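Commentary on secondary and tertiary structure
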Amino acid sequence: MKIDVISIFPEYLAPLQLSLLGKAQSAGLVDISVHDLRSFTHDNHNTVDDTPYGGGAGMVMLPQVWGEALDSVIADGSEIIILTPAGKTFNQKMAEELSDSSQLIFACGRYEGIDDRVRQHYSHSEYAARNIRVREVSIGDYVLGGGEVAAMVMIEAITRLIPGVLGNPDSLAEESHNSEGYLEYPNFTKPQEWRGISVPEILLSGNHAEIAKWRSQQADKRAKDNQ
Ligand code: JDH
């Protein structure tokens, strides 16, 4: 999977080259490139924003600059992901869909976001005919300063679903058991007693059917308490 991230703060995305993802990259499973949006400007001040038509607070990112940046990375089959607080909320199902893509392009805006004509342009049937799709995505109901952290969250959730990227294939098989994608029971490891708190006896019993039943009950209780 090729991943291109476009931002005016490319250094903010440095963690994408680290550890787990770094290993997946050297194994050739994912290939992540970060692009500086300002390198697609042509004026002396490297301008990326201007005032909004219709008035209002803040600045809006220029469509010409985003168009040049996106044109430099786009290919047949690209998924263009525009991060925005107004997008469809990212979830595990969307992560699974996107983990099948050949290329993900993350457009990380700042200020009030990107001129909407960028979304409109790449949503045109000429792009759809090349299997190029645009999605507006939010990672949750809170306001961030820009799309960079949201892109990193999505990249971690998506790439760990690519076979061979996650170190431990058993934990992915276990996730697929549950309809939501996970069984959220409490976990315990050594020592058997810590600060006066003992590990539940059932987990030491070796009775796998009873352990599965107890974990399922605990997961249900947790799901209810979290509502
Ligand atoms: C991309 C710029 C900052 C801040 C306007 C929106 C009132 C618009 N889950 C998520 N939260 N935030 C983002 C995100 C934020 C971004 C950009 C993603 C680009 N910004 C920005 C405030 C506004 N504001 C909230 N309304 C209630 C008006 C942009 C995000 C993701 N993914």
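Residues numbered from 1 in each chain as written. Predicted model: local features only at pLDDT ≥ 70, side-chain atom pairs only at ≥ 80, totals over all residues. Heavy atoms only, no water.

1. Description of the site of the ligand
If you check the shell around the ligand, you find 18 residues, and the closest are L83, S138, G140, Y142 and L144. Take G140: an N or O atom from its main chain is 3.0 Å from a nitrogen atom of the ligand. Y142 is positioned with one of its backbone polar atoms (N or O) 2.7 Å from a nitrogen atom of the ligand. With the chains in place, 72% of the 660 Å² that the ligand exposes on its own is no longer accessible. At the level of secondary structure, the elements contributing two or more residues to the shell around the ligand comprise strand 5 (78-89) and strand 7 (133-138). When residues of the shell around the ligand are assigned to their parent elements, the largest contribution, three residues, is made by strand 5. Grouping the amino acids of the shell around the ligand by side-chain chemistry returns nine nonpolar, seven polar and two charged. (Near = heavy atom within 4 Å. Polar contact = N/O pair within 3.5 Å; in protein donor to acceptor, adjacent residues only side chain to side chain. Areas by Shrake-Rupley, 256 points an atom, 1.4 Å probe, with all protein chains shown as cover. Helix = DSSP H or I, 4+ residues; strand = E, 2+ residues; numbered from the N terminus. Nonpolar A, V, L, I, M, F, W, Y, C, P; charged D, E, K, R; others polar.)

2. A few points about helix 8 (residues 208-225)
The end-to-end C-alpha separation of helix 8 is 26 Å, in line with the 26 Å expected for 18 residues at 1.5 Å each. The complete set of buried residues in helix 8 reads I211, W214 and A219. Relative to the axis of helix 8, the buried residues are bounded by an arc of 140° and lie together on one face. Relative to its buried face, helix 8 has exposed residues pointing more than 90 degrees away, namely A209, D220 and K224. (Expected span 1.5 Å × (residues − 1). Buried < 20%, exposed > 50% of the residue type's maximum accessible area, 1.4 Å probe, protein only. Arc of directions from axis to C-beta.)

3. A few points about the nonpolar core
Grouped together as the largest cluster of nonpolar side chains are 30 residues, with contacts concentrated most on L83, F90, F106, M154 and I158. Of all elements in the fold, only strand 1 (2-7), helix 1 (19-26), strand 5, helix 3 (92-98), strand 6 (103-107) and helix 6 (148-159) reach the threshold of two or more residues within this core. I8, V73, I80 and Y127 belong to the second largest nonpolar core, which has 23 residues in total. (Core = buried A, V, L, I, M, F, W, Y, C linked by side-chain atoms within 4.5 Å.)

4. Overview of the side chain of R110
Positionally, R110 belongs in the loop between strand 6 and helix 4 (117-122). A polar contact of 3.0 Å, which involves the side chain of R110, links it to the side chain of E148. With residues up to four places along the chain from it excluded, the contact list for R110 reads I8, F9, Y12, M61, G145, G146 and E148. (Contact = heavy atoms within 4.5 Å.)

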